[in-house]
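# Examining the three-dimensional arrangement
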Amino acid sequence: MSNEAPLKGLKVIELARILAGPWIGQTLADLGADVTKIEAPEGDDTRRWGPPFITRTLENGDTETVAAYFHSANRGKTSVICDFSDPTQLGTLRDMIARADVVIENFKVGGLKKYGLDYETLSAINPKLVYASITGFGQNGPRAKQPGYDFLIQGMCGIMDLTGDPEGEPQKVGVAWIDVFTGLYGVIGIQAALAERSRSGLGQHVDLSLLDCGVGVLANQATNFLLGGETPTRLGNAHPNIVPYQVFPAQDGHLIIACGNDRQFVALCKSLGLADLAIDARFSTNPDRVANRSALIEILTEKTSALPKSELIATLETSGVPVGPINSVREALEEPQVMSRKMQIAPEGIAGLRTPIVFSRSKLQLDHAAPTLGQNKPSHTPPASVSLKTALD
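Residues numbered from 1 in each chain as written. Predicted model: local features only at pLDDT ≥ 70, side-chain atom pairs only at ≥ 80, totals over all residues. Heavy atoms only, no water.

### Observations concerning the overall build of the protein chain
Along the protein chain, the regular secondary structure elements total 14 helices and 13 strands. In terms of principal-axis extent, the alpha carbons of the protein chain reach across some 80 × 50 × 45 Å. Looking at the protein chain residue by residue over its 393 residues, the buried ones come to 43%. Taking contacts inside the protein chain between residues at least 6 apart in sequence as the whole, the part at least 24 apart equals 68%. Approximately 19900 Å² of the protein chain is accessible, and the part contributed by carbon and sulfur atoms is 55%. Mean positive and mean negative side-chain charge positions of the protein chain (36 and 43 charges, respectively) differ by 5 Å. (Helix = DSSP H or I, 4+ residues; strand = E, 2+ residues; numbered from the N terminus. Buried < 20%, exposed > 50% of the residue type's maximum accessible area, 1.4 Å probe, protein only. Contact = heavy atoms within 4.5 Å. Areas by Shrake-Rupley, 256 points an atom, 1.4 Å probe, with all protein chains shown as cover. Lys, Arg positive; Asp, Glu negative; His and termini not counted. Charge placed at Lys NZ, Arg CZ, Asp CG, Glu CD.)

### Concerning helix α3 (residues 87–98)
The terminal C-alpha atoms of α3, which comprises 12 residues, lie 16 Å apart, in line with the 16 Å expected from a rise of 1.5 Å per residue. Of all the residues in α3, the buried ones are Gln-89, Leu-90, Thr-92, Leu-93, Met-96 and Ile-97. Buried residues in α3, looked at end-on, bunch into an arc of 155°, giving them a common side. (Expected span 1.5 Å × (residues − 1). Arc of directions from axis to C-beta.)

### A closer look at a nonpolar patch on the surface
On the surface, a cluster of nonpolar side chains totalling about 370 Å² of accessible area is made up of Phe-225, Leu-226 and Leu-227. The residue Leu-227 is located in helix α8 (residues 219–228) in this model. Take Leu-227: its relative accessible area is 75%, and that puts it in the exposed class. (Patch = residues over 30% accessible without salt bridge, like charges linked within 9 Å, V, L, I, M, F, W, Y side chains within 5 Å. Salt bridge = Lys/Arg side-chain N within 4 Å of Asp/Glu carboxyl O.)

### Some words on the side chain of Asn-286
Along the polypeptide, Asn-286 turns up in helix α10 (residues 286–291). Within the structure, the side chain of Asn-286 is placed 3.2 Å from the backbone nitrogen of Val-243, a separation counted as a polar contact. Residues contacting Asn-286, with those up to four places away along its chain left out, are Asn-241, Ile-242, Val-243 and Asp-262. (Polar contact = N/O pair within 3.5 Å; in protein donor to acceptor, adjacent residues only side chain to side chain.)

### A few points about the sheet that holds strand β2 (residues 34–39)
Strand order in the open sheet formed by 6 strands is β5-β2-β1-β6-β7-β8, and the pairing between neighbours is parallel. Of all strands in the sheet, those bounded by a partner on one side alone are β5 (78–81) and β8 (205–209). Averaged over all neighbouring strand pairs, the angle between strand axes comes to 20°, with direction disregarded. Here strand β1 (residues 11–15) runs beside strand β6 (residues 102–105); their pairing, made up of 4 bridges, is parallel. Directly across from Val-12, in β6, lies its bridge partner Val-102. Sheet strands touched by helix α6 (residues 177–200): β6, β7 (130–135) and β8. Its angle to β8, the strand with the most contacts, is close to 165°. (Pairing = 2+ DSSP bridges. Axes fitted to C-alpha atoms, helices over the stretch in contact; angles between N-to-C directions.)

### Here we look at the packing of helix α5 (residues 150–157) against α6
At their nearest, the axes of α5 and α6 sit 7 Å apart, and the two run at 90° to each other. In terms of their interaxial angle, α5 and α6 are classed as roughly perpendicular. Across from Asp-150, Ile-153, Gln-154 and Cys-157 in α5, the residues of α6 making contact are Trp-177, Ile-178 and Asp-179. Considering only residue class, the contact of α5 with α6 consists of 4 nonpolar, 1 polar and 2 charged. (Parallel < 35°, antiparallel > 145°, perpendicular 65-115°, else oblique. Nonpolar A, V, L, I, M, F, W, Y, C, P; charged D, E, K, R; others polar.)

### Comments concerning the state of the cysteines
Under the counting rule described, the total for this entry stands at 0 disulfides. Between Cys-259, a free cysteine, and Cys-269, which holds the nearest cysteine sulfur, the sulfur-to-sulfur gap is 7.7 Å. (Disulfide = S-S within 2.5 Å.)

### Concerning the pairing of β2
Of all 6 residues in β2, 5 are buried, a share of seventy percent or more. Bridge count for β1 against β2 is 4 bridges, and the pairing is parallel. In the strand pairing of β2, Ile-13 is matched with Thr-36. Viewed along the sheet, the connection from β1 through helix α1 (residues 20–30) into β2 turns out right-handed. Inspection of the sheet shows β2 paired to β5 by 4 bridges, in the parallel sense. Bridged to Glu-39 within β5 is Ile-81. (Right-handed = clockwise from strand over helix to strand, strands pointing away.)

Right under this line is the structure:
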């Protein structure tokens, strides 16, 4: 039985920079695809988004200093520099795409048409091509021509109004949440189009909008509004539909208690010496607890704040109550469970995190770090070194 990466042999051309598009490319590369990143002479913008920076020695003895940010989203790719204004080099790129399975791009709507790199033009020469476009607002609609960035979209999609202290200002998520989700939806869309291609023999255009993806992952909060009619509001670290399911104070810090059902709530009450709470009519079922949230949280908080965090976690874990610490990034990466799952990798000595998928038979392709700028020659390339003056702005 083969244990090769599942997408081995898939040829991908990435005409994208920053995060959402490169996240698609890196995920496909981890899954075994041959991903060629097409870069401007100055490279992807994130090569300069530091500190921290990583300096590497090139084959010719020169060094290259690149931001850690770039390494977070470009592992496993090759890098080709190409100049769109040069007809010969543009022809070489088109030739590469003619033999590719997938193109990923994040130009403005219509921005590639003048180079003959739009879907309509390329699908005419490669009908099997799956072509994924990432834009702020999608290929149609009143905002289609506007630029969109993760932070702006977090504000527009509703997530910031749901995040943060109810008495404070709206808060963004601590990573580029919309970009990452769009990247993952991009992988799903591309793989679905490839699966359909195996039946029809034809590729298609995959249209990805940051705003669509941001709205699409509002999940229960959106459904609460659509079916309940009330606009959800910020609850800090509390849950709109489950109680108790939030951060609690301990004697020496904070922890999370997340009771997802009545049985777990009973176990929590017994563990805290509050068994009578479980049979109190105000708290016996989850709807009751949601209705009487403030009274219950006050009682529980008084109890947890008098006990050490480690003691609380140990006691509740033993009782089967979902409980956990609030880790720093360092603590999360050093968590024994995370280490056991081998989430940290270091291809070519550059530390990073693998795509979090484990197969029973296949393996991920994790041997190569992010490429140095222009380290590879394009297929069927003219002898001269190439540069890519993209219109990515």
